[in-house]
Amino acid sequence: METLLDQKLVSSWFDVQSVPQTYVHPPEKRPGKLNVPLCNNIPVVDLGSHDRRDTIHRISKASEEFGFFQVINHGVPIKLVDDTMSVFKEFHALPQKDKAIEGSKDPSRSCKLYTSSENYANEEVHYWRDVLTHPGHPFEHYMQFWPEKPTRYREVVKAYLEEVRNLSYVILELLAEGLGIGTEFFCGGLTESPVLLSNHYPPCPDPSLALGLTKHCDPTLITILLQDADGLQVFKDGNWIGVEPVPSAFVVNIGYVLQMISNSKFKGAEHRVVTNSRVARTTIAYFIHPSNESLIAPAKALCNPPLYRSMKFKEFLRNFKSKAANAEAVLKVISLSSS
Ligand SMILES: O=C(O)CCC(=O)C(=O)O
Ligand SMILES: [Fe+2]
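Structure report, in brief. Quantities reported herein were computed from a predicted structural model and do not represent experimental measurements.

Quick notes on the packing of helix α3 (residues 52–65) against helix α7 (residues 153–179)
Argument step 1. Running from N to C, α3 and α7 cross one another at 85°; their axes reach a closest spacing of 9 Å. Classified by the angle their axes make, α3 and α7 are roughly perpendicular. Listed contacts from α7 to R52, T55, I56, I59, S60 and S63 of α3 are E173, L174, L175, E177 and G178.
Argument step 2. Residue composition of the contact of α3 with α7, by class: 4 nonpolar, 4 polar and 3 charged.

So, in structure tokens, the structure goes:
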């Protein structure tokens, strides 16, 4: 008989003496040595600065060199940021049965709770994380399926999603200006279907063997992430570097979709998540996704020559999922040179 979700959740059984075999990654994929330096090279950009040209320069340079940057003075009220993190921590700390009920209200399963990856049944090794996900827009359609425990979930998460959506337009406008493609570029279907994902990584008895999430690049334009502890690492010039938690900052990373639109001027950065044995880690990711029917292609002004095929977002996503996030395989499908 299939094990029930509430028993599979890592948060149901993480307090074990050793990592179960099904969570031990092969040596070449394990984190191994854990003293990866926390990197303060990843730029922290002050969005409150009045020097817009300088802000655009910093964000563009970070997107070219790292595919990652952090933003402070971003305009999302700090109390709301803290409340939202508390709400998700409370959610992940609910009794397992409650979580399973709260995370399964949507018959179409676009709002859902799962563990490891969406491919749990077929993956070779599991990941040390539980995930709650649901669309971030439009509220009228999806809010009825969001959790009602903790009781303030809907109120707080709705306010958070509204603020982060506004922030996403501020950041995308700066990125568009940096690319020279006009500030309205990202206003339509390209940003129509954002998704929220709250990852929860309980403490792990041996973080050198397990992974919260394997090396991947996001299937997004950009991802805006709130993290409460370290664990996120970026692959840069053949080495892993840790993204330092900066209080109340958002971590922003470039995904494949913006890599395609920018014709490789901006790079989708590969990253992974390691666990730790001391504390649980909770993150809230806001994935900026185009609508399914949106055409994604290099912006005309940047095509000299185009490096990527044009395709509907749903076609891209299907390919991304079927390649299990393997970067080489994904790039082969989206690149023009290999078609
Ligand atoms: O939890 C994190 O730090 C990052 C999560 C992530 O990379 C993802 O959900 O794609
Ligand atoms: Fe990611």
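Points about the pattern of salt bridges
Argument step 1. Inspection of the entire model under this criterion finds 20 salt bridges.
Argument step 2. The partner of K89 in a salt bridge is D228, and the shortest N-O contact between them spans 2.5 Å. One end of the pair, K89, is in helix α4 (residues 78–92); the other, D228, is in the loop between β8 (222–227) and β9 (232–236), with 139 residues separating them in the sequence.
Argument step 3. Residue D228 is classed as partly exposed on the basis of its relative accessible area of 27%.
Argument step 4. Between R154 and E148 there is a salt bridge whose closest N-O contact spans 3.9 Å.
Argument step 5. You can call E148 partly exposed: its relative accessible area is 44%.
Argument step 6. Salt bridges here are not isolated pairs; linked through shared partners, they connect K79, D83, E90 and R152.

Thoughts on the packing of α4 against α7
Argument step 1. Running from N to C, α4 and α7 point in directions that differ by 130°, and their axes come no closer than 9 Å. Accordingly, the angle class assigned to the pair α4 and α7 is oblique. Along this stretch, α4 crosses α7, giving a crossing that reads as left-handed. Between α4, through L80, D83, T84, V87 and F88, and α7, the contact on the second element is made entirely by Y153, V156, V157, A159, Y160 and E163.
Argument step 2. Looking at the contact of α4 with α7 residue by residue, the classes come out as 8 nonpolar, 1 polar and 2 charged.

Concerning the sheet that holds strand β5 (residues 130–135)
Argument step 1. The strand order across the open sheet built from 8 strands is β2-β3-β11-β8-β13-β6-β5-β4, with neighbouring strands paired in mixed fashion. Every other strand in the sheet has two partners, leaving β2 (44–46) and β4 (112–115) as the edge strands with one partner each. Between one strand axis and the next, the sheet turns through 25° on average, direction left out of account.
Argument step 2. Contacts from α7 reach β3 (68–72), β5, β6 (195–201), β8, β11 (250–254) and β13 (281–287), with the element oriented near 130° to β8.

A closer look at the environment of V19
Argument step 1. Following the sequence through the fold, V19 ends up in the loop between α2 (10–13) and β1 (38–39).
Argument step 2. V19 gets classed as buried once you look at its relative accessible area, which sits at 8%.
Argument step 3. Apart from residues no more than four positions distant in its own chain, V19 is found in contact with V24, W128, C204, P205, D206 and A210.

Focus: the nonpolar core
Argument step 1. With 70 residues, the main nonpolar core has I171, L175, F186, I222, F250, L258 and F316 as its most contacted residues.
Argument step 2. It is α7 that contributes the most residues to this core, 13 residues altogether.
Argument step 3. When sequence neighbours within four positions are dropped, the list of residues in contact with F250 reads F69, Q70, V71, H74, V76, V81, Y160, V164, L167, I224, L225 and L226.
Argument step 4. Core analysis: the second largest hydrophobic core is formed by 19 residues, F68, V234, V273 and F287 among them.

Observations regarding the site of ligand 1
Argument step 1. Around ligand 1 sit 13 residues, and of these Y201, H216, H271, R281 and T283 come closest.
Argument step 2. Note that an oxygen atom of ligand 1 is positioned 3.4 Å from one of the side-chain N or O atoms of N199.
Argument step 3. In the environment of ligand 1, an oxygen atom lies 3.1 Å from a nitrogen or oxygen atom belonging to the side chain of D218.
Argument step 4. Coverage of ligand 1 by the protein amounts to 95% of the 290 Å² it exposes when considered alone.
Argument step 5. Among the secondary structure elements, those contributing two or more residues to the shell around ligand 1 are β6, β7 (213–216), β12 (271–273) and β13.
Argument step 6. Of the residues contributing to the shell around ligand 1, the split by class is 7 nonpolar, 4 polar and 2 charged.

Reading guide: rules and limits
Residues numbered from 1 in each chain as written. Chains lettered and ligands numbered in written order. Predicted model: local features only at pLDDT ≥ 70, side-chain atom pairs only at ≥ 80, totals over all residues. Heavy atoms only, no water. Axes fitted to C-alpha atoms, helices over the stretch in contact; angles between N-to-C directions. Helix = DSSP H or I, 4+ residues; strand = E, 2+ residues; numbered from the N terminus. Parallel < 35°, antiparallel > 145°, perpendicular 65-115°, else oblique. Contact = heavy atoms within 4.5 Å. Nonpolar A, V, L, I, M, F, W, Y, C, P; charged D, E, K, R; others polar. Salt bridge = Lys/Arg side-chain N within 4 Å of Asp/Glu carboxyl O. Buried < 20%, exposed > 50% of the residue type's maximum accessible area, 1.4 Å probe, protein only. Left-handed = near helix turned anticlockwise from the far one by under 90°. Pairing = 2+ DSSP bridges. Core = buried A, V, L, I, M, F, W, Y, C linked by side-chain atoms within 4.5 Å. Near = heavy atom within 4 Å. Polar contact = N/O pair within 3.5 Å; in protein donor to acceptor, adjacent residues only side chain to side chain. Areas by Shrake-Rupley, 256 points an atom, 1.4 Å probe, with all protein chains shown as cover.

Function cannot be read off these values alone, since they describe shape.
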